[in-house]
Amino acid sequence: MIYLDCSGVHFGSKLDEKHLFEWAMEIPGVLRWEQDTLVVRTNLSQASLRDLLALFSRYQIPMAQLAQFRTTRNEGWFAAPKMYWHSRVFGKLVR
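The text that follows walks through the structure, step by step, so that each part is easy to find. Along each chain, residue indices are assigned from 1 in the same order as the chain's sequence is written. Residues qualify for local features only when their pLDDT is at least 70, as the model is predicted, and side-chain atom pairs are given and counted only at 80 or more; totals for whole chains, interfaces and linings, by contrast, use all residues. With hydrogens and water set aside, each side-chain value is computed from the structure's full complement of heavy atoms.

Mapped onto the secondary structure, lysine 14 falls in helix H1 (residues 14–25). The buried label goes to any residue with under 20% of its type's maximum accessible area, the exposed label to any with over 50%, and the partly exposed label to all in between, with areas taken from a 1.4 Å probe on protein chains only. For lysine 14, a relative accessible area of 69% translates into the label exposed. For lysine 14 and lysine 92, which are 78 residues apart along the polypeptide, the C-alpha to C-alpha distance reads 34 Å. Going along the chain from the N terminus, every DSSP run of H or I of four or more residues is numbered as a helix, and every run of E of two or more is numbered as a strand.

Note on terminology: a nonpolar core comprises buried Ala, Val, Leu, Ile, Met, Phe, Trp, Tyr and Cys residues joined through side-chain atoms within 4.5 Å. Counting residues in each nonpolar core, the largest one holds 26 residues, and the members touching the most others are Leu4, Leu38, Leu53, Phe56, Leu66, Phe69 and Phe78. Of all the secondary structure elements, the ones that give two or more residues to this core are strand S1 (2–5), H1, strand S2 (30–34), strand S3 (37–40), helix H2 (46–58) and helix H3 (75–78). In terms of residue count, H2 provides more of this core than any other element does, five residues in total.

Turning our eyes to something else, we now look at the environment of tryptophan 23. Counting through the fold element by element, tryptophan 23 comes out in helix H1. A C-alpha to C-alpha distance of 9.3 Å links tryptophan 23 and aspartate 51, two positions 28 residues apart in sequence. Setting aside residues up to four positions removed in sequence, tryptophan 23 forms contacts with Leu55, Arg58 and Tyr59. Working rule for contacts: check all heavy atoms of both residues, and any pair within 4.5 Å makes them a contact.

The volume enclosed by the largest pocket comes to roughly 260 Å³. A cavity, in this analysis, means grid points on a 1 Å lattice covering only the protein atoms where a 1.4 Å probe fits yet has no way out; a pocket is instead an open set bounded by protein on both sides within 12 Å along at least five of seven lines, and a residue lines either one if it has an atom within 4 Å of a point. Taken together, Thr42, Asn43, Leu44, Ser45, Gln46, Leu49, Gln68, Phe69, Thr71, Arg73, Asn74 and Trp77 make up the full set of residues lining the largest pocket. Ten residues, namely Ala, Val, Leu, Ile, Met, Phe, Trp, Tyr, Cys and Pro, are considered nonpolar, four, namely Asp, Glu, Lys and Arg, are considered charged, and the remaining ones, Gly among them, are considered polar. Counted by class, the lining of the largest pocket contains four nonpolar, seven polar and one charged residues. Grid points are joined across faces, edges and corners, and a volume is the space filled by probe spheres set on the points.

Here we come to the packing of aromatic side chains. Any pair of Phe, Tyr and Trp rings, taking the six-membered ring for Trp, is counted once the centres come within 6.5 Å. Such a pair is stacked with planes under 30 degrees apart, edge-to-face with planes over 60 apart, and tilted for the rest. Throughout the structure, instances matching the rule amount to seven aromatic pairs. Relative to tryptophan 85, the ring of tryptophan 77 lies with its centre 6.0 Å away and its plane at 85°, an arrangement referred to as edge-to-face. Our definition puts a charge over a ring when NZ of Lys or CZ of Arg is within 6 Å of the ring centre and also within 35 degrees of the ring normal. For the cation-ring pair, arginine 50 lies above tryptophan 77, with the distance from its terminal atom to the ring centre recorded as 4.3 Å. Here the basic side chain of arginine 70 rests over the ring of phenylalanine 90, its NZ or CZ set 5.4 Å away from the ring centre.

Here a helix's expected span is defined as the number of its residues, less one, multiplied by 1.5 Å. In this model, H2 (13 residues) spans 18 Å end to end at C-alpha, consistent with the 18 Å of a helix rising 1.5 Å per residue. All of the buried residues along H2 are Ser48, Leu49, Leu52, Leu53, Leu55 and Phe56. Buried residues belonging to H2 abut S1, H1, S3, H3 and helix H4 (86–90). Two residues or fewer after H2 comes glutamine 60, characterised by a positive phi angle close to 55°.

This is the structure we're talking about:
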């Protein structure tokens, strides 16, 4: 299991807060919430990882913690520098 810190999120309303918790639970591989911590399986499908990326981006949850999901099977798309999440997950490119 992997524990993802989702604390510090600023919600626009109670319904907005409710949606974060509900939407996360709809992602295959998400096991449960433990207060402000999202507990997920260690192996996620491409679709589930993409959904987590979108959810974390939408709610401005620190995305660097998603870097631990990088594998040889997904690095072609997940770690691609052109992806909108790349700098937020892996840091800035150094040239």
